[in-house]
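Residues per chain, in single letters:
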Amino acid sequence: MQDKIANSLKGHNADYIEIRLEESKATRIIYRGNRLEEIGRISSMGGNVRALVKGGWGFVSFNSVNKLRDKVELAINQAWLVGKETSKFSQSEPLTDVVTVEIEKNPMAVPLASKKKLFDEYNDIILSTPKIQTSNIGYSDSQRKITFASSEGTYIEQAKVDISLRLAAIASEDGQVQQIGLSLGSQGDFSAIEGLQEQVKQMAQRAVGLLSAPQAKGGEYIVVLDPVLAGVFVHEAFGHLSEADHVYENKRLQDIMVLGRKFGDKHLNIVDGAAVPGLRGSYKYDDEGVPASKTYLIREGILESRLHSRETAAIMGEKPTGNARAINYLFPPIVRMTNTYIEPETLSFEDIISDIKEGIYAKDWYGGTTSLEMFTFSAAEAYMIRNGKIAELLRPVVLSGNVFVTLGNIDAIGNDLQMNQGGGCGKREQSPLPVSNGSPHIRIRSCLVGGS
Amino acid sequence: MEDILAQAKKVAEQAEVFQVSSKVTTIHFEANRLKQIQDKESTRTALRLIKGGKVGFAQASGFIEPGMLVEMAVETCQFGMPAKFNFPNPEVYPKIDTFDLQIDAVAIDDMVELGEQLIVKIRQHTSDILCEASISRGVASVHIINSEGGEASYNKSLFSLSFEGVLIKGEDMLFVGDSHSSCHPVLDFRPIAEEVIKQLELAKRNVSISTKPMPVIFTPHGVASSLIAPLVSAFSGKLVFDGASPLKDKLGEQIFDKNFSLWDDSTLPYQVASYPCDDEGVPSQRTPLIDDGVVSHFFYDLQTAALANTQSTGNGGRHGGLPTPSPSSLVIGKGDISFRDMVRDIKEGLVVEFLMGAEQGNILNGDFSGNVLLGYKIENGEMTGRVKDTMVAGNVYQLLKQLEAVGSEARWVEGFLLTPCLYCSSLSVASKAG
């Protein structure tokens, strides 16, 4: 196969060509209430060719790898229709590598019956909680082998395993419906989603608690975010803005996002990196064959660098960071985050809340999105803070802000960094991409909260 | 497909093979110029079995040995849910127009020209805007066969034109956009250009707004981004059966304003969400969900309908796994008040054009809350400018219980929703500026 790929890349008139072939196997299990509603096996085989000519791209995706050379030619012809300038694409040393996975407890080796037994147990815990109406459990695992080759002579095979699990407890009373979810994931280790009985029980009880909780009053508050929600905040509020594909052809955004600009106080450090090992966004090479790195987006409050593909790096005259990722062979790689987090400082949780007269403590995530300037993210759980103490439970809140203001409003950073491995990131049509994000507890001086 | 079905019939009581093949060409404009042409060809084959009374499922993208697919599906059967339905074998399907031969006559050059014209037109209005546009042309063919003798197939053509522009002044960003899709080629760029230019005109200056409850008008885009997700979840037969829908015991009751009607319609000619049969071979139909404010029906697939002791409404959709109740095209009935008259009626209020993040709240309960990504302030019957740093929050059941007015003109948004503007008398607005 390696020879076949190499041959189909030879002798073309293009600035750059790459081929990606992918084989995958996946399992999906879905529960709704007491029904195991869906259990399925999915297999996939396909690939794509991407070609660059004079700054224009052609992209062809397919299921059948027959006539690979014809597909290469089609992609090149398309690129010729598009390209009218000069290609800019950062250099990458040709390399050959085979990356395998070593996992403690591979989900492929766990029989379906054992998976079912575990989820039955979690489901029983949720459903046996008084006032719980129903439950949702969605589990999936996937194993992929990706072969990447480029016209520069690079040839890489990478194996990847991913697991994700989302559990939700839905409580209902008097026409009111409230829910709490728990999202987990791992880069293949099934034991990461075992032994959650206590967490699942607490989740179900919290969902019931929400039935009698009041809604927050809309307005501006001092807000304290737990590590999970602060991780979603840093991903939405700043991570997406750091993706250079938003910036590289946008002169005005470049003026705003100029390296060296101050975004926060000197305790604020924000990092993204697939080279940080063992997390869901970790890998050895990105989908353009660039080795992973660890990038300080913000160091001591100052914008230091951003996330790049080879094209955005070359056009902006910066170094590639290995952040070009494609969710699968149906899509070209685009600039994505990997593992994104705020580095820990020294404060304890008590230090952070002790001098807040009235504020909101928002925990755990439900979702988040961004328009670059404005972002919103929602907490699964929230409490009032009164006179330095956690007070009454509130209905889930949606928080919103302006990135240029809000990062500067972070005035306390805790010492308790935690990484959240659940969920996934969506951009353009590519969702959900495995990523992780995290933070210690943080305090935001002023944040807009939607409410009654 | 026949091979897979034949092998599956040997080991299972019933079997169904679903196959969809598609070929789509998309051109992308980035930063005002053509950047990429994509050509995607794909085939997906799914096998559903009933064996030992239980449902098994396997799916493959690309080639797979029939025996392998059958083996994968059989492996899941022992854990699958008990099948409450039989695969359908209807006598006739309605004739629904979903294919326009003209789609093949559209050349890549035509698509490039369409995108260029659109961008030029909008930049003539606002030269500093940075434009992204996508134009997509494709065909899909769906084929379903089952062991009960049922067979259905149809072709669909798809064309879409979408635009998004960003205008940056200092640190202020303005996002504008619109899209059209159809089974016909969409060869006229002007409706999108007009809509985007209207948004740019209305957002020319930023104004502040108070934090308090006030009258709000949702435009068609505003309805799609704020109110639809909770309604879709509440009318899904599955959530109703689970008891997770607030409407579970409200069939036949007046829950919404008497001027508010909503139906699901997969029979509309040349709409991208239309089909002669759903993804499990059940004929398409128009299903009233809200009739003059009365909850009149929920939408179902085969299994959920059987569990709930009712009939499938032809809403079995596949999203990477087994069919599940899924809306096709949703239509909200028109009213009799023009948008202009709604605005004139308001002393201080808000027009919501696009709400960001609304689907992140507790949609099961009907709650929505989001940032007004694009919205305009109304002062003394006039739209006076764009509001920013503003959130709205509410509950669709409270909001739709009593509407001030329903718009007299409707339009398609996002390819699946035909809706007029909706005017509600009071909604909570929170603003940083206020």
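Only a predicted model underlies this, so the values are computations on that prediction, with no experimental measurement involved.

Visitor: What is the right way to look at the overall build of chain B in this model?
Guide: Within chain B, the regular secondary structure consists of 10 helices and 19 strands. A compact globule built from 434 residues would reach a C-alpha radius of gyration of about 22 Å, and chain B, at 24 Å, matches this within 12%. For chain B, the spread of C-alpha atoms along the principal axes amounts to about 70 × 55 × 35 Å. Here chain B, with 434 residues, has 61% of them falling under the buried criterion. Look at the contacts in chain B between residues 6 or more apart in sequence, and 71% of them connect residues 24 or more apart. Surface summary for chain B: the accessible area is close to 16,200 Å², and the carbon and sulfur share equals 48%. Positive and negative side-chain charges in chain B, numbering 38 and 55 respectively, have mean positions lying 4 Å apart.

Visitor: Sorry, what's going on with the domain arrangement of chain B here?
Guide: Many descriptions give the size of an interface as the accessible area lost when the pieces come together. Residues and elements named next belong to chain B. Domain boundaries assigned for chain B yield domain 1 (2-199) and domain 2 (205-434). Here domain 1 and domain 2 have C-alpha centroids that lie 23 Å from each other. Every contact between the two is made by 44 residues of domain 1 and, on the other side, 38 residues of domain 2. Buried surface at the junction of domain 1 and domain 2, both sides included, amounts to about 3,300 Å², of which 60% is carbon and sulfur. Per-residue buried area on domain 1 facing domain 2 is highest for I96, D97 and Y154; these three make up 15% of the total on that side. Counting the contacts that link domain 1 with domain 2 gives six salt bridges. For R386, the salt bridge goes to D172, with nearest N and O atoms at 3.5 Å. Joining domain 1 to domain 2, the criterion identifies 15 residue pairs in polar contact (both at pLDDT 80 or more). Considering every element that reaches the side of domain 1 that touches domain 2, the biggest residue donor is strand β6 (residues 172-182), with 11 residues. Here the side of domain 1 that touches domain 2 is composed, by residue class, of 24 nonpolar, 10 polar and 10 charged.

Visitor: Sorry if this is basic, but what is going on with empty space enclosed by the protein here?
Guide: Empty pockets left among the atoms are what a rolling probe the size of a water molecule brings to light. All names here are of chain A. One pass over the structure, following the stated rule, counts three cavities of 30 Å³ or more. Of all the elements in the fold, those that place two or more residues in the lining of the largest cavity are β5 (132-150) and β6 (155-173). The greatest single-element share of the lining of the largest cavity, amounting to three residues, is contributed by β6. By volume, the second largest cavity amounts to about 40 Å³.

Rules behind the numbers
- Residues numbered from 1 in each chain as written.
- Chains lettered and ligands numbered in written order.
- Predicted model: local features only at pLDDT ≥ 70, side-chain atom pairs only at ≥ 80, totals over all residues.
- Heavy atoms only, no water.
- Helix = DSSP H or I, 4+ residues; strand = E, 2+ residues; numbered from the N terminus.
- Rg over C-alpha atoms; globule rule 2.2 N^0.38 Å.
- Buried < 20%, exposed > 50% of the residue type's maximum accessible area, 1.4 Å probe, protein only.
- Contact = heavy atoms within 4.5 Å.
- Areas by Shrake-Rupley, 256 points an atom, 1.4 Å probe, with all protein chains shown as cover.
- Lys, Arg positive; Asp, Glu negative; His and termini not counted.
- Charge placed at Lys NZ, Arg CZ, Asp CG, Glu CD.
- Domains from an automatic or database assignment.
- Buried area = accessible area lost by both parts, 1.4 Å probe.
- Salt bridge = Lys/Arg side-chain N within 4 Å of Asp/Glu carboxyl O.
- Polar contact = N/O pair within 3.5 Å; in protein donor to acceptor, adjacent residues only side chain to side chain.
- Nonpolar A, V, L, I, M, F, W, Y, C, P; charged D, E, K, R; others polar.
- 1 Å grid on protein atoms, 1.4 Å probe; cavity = no way out; pocket = protein on both sides within 12 Å on 5 of 7 lines; lining within 4 Å.
- Points joined across faces, edges and corners; volume = space filled by probe spheres on them.

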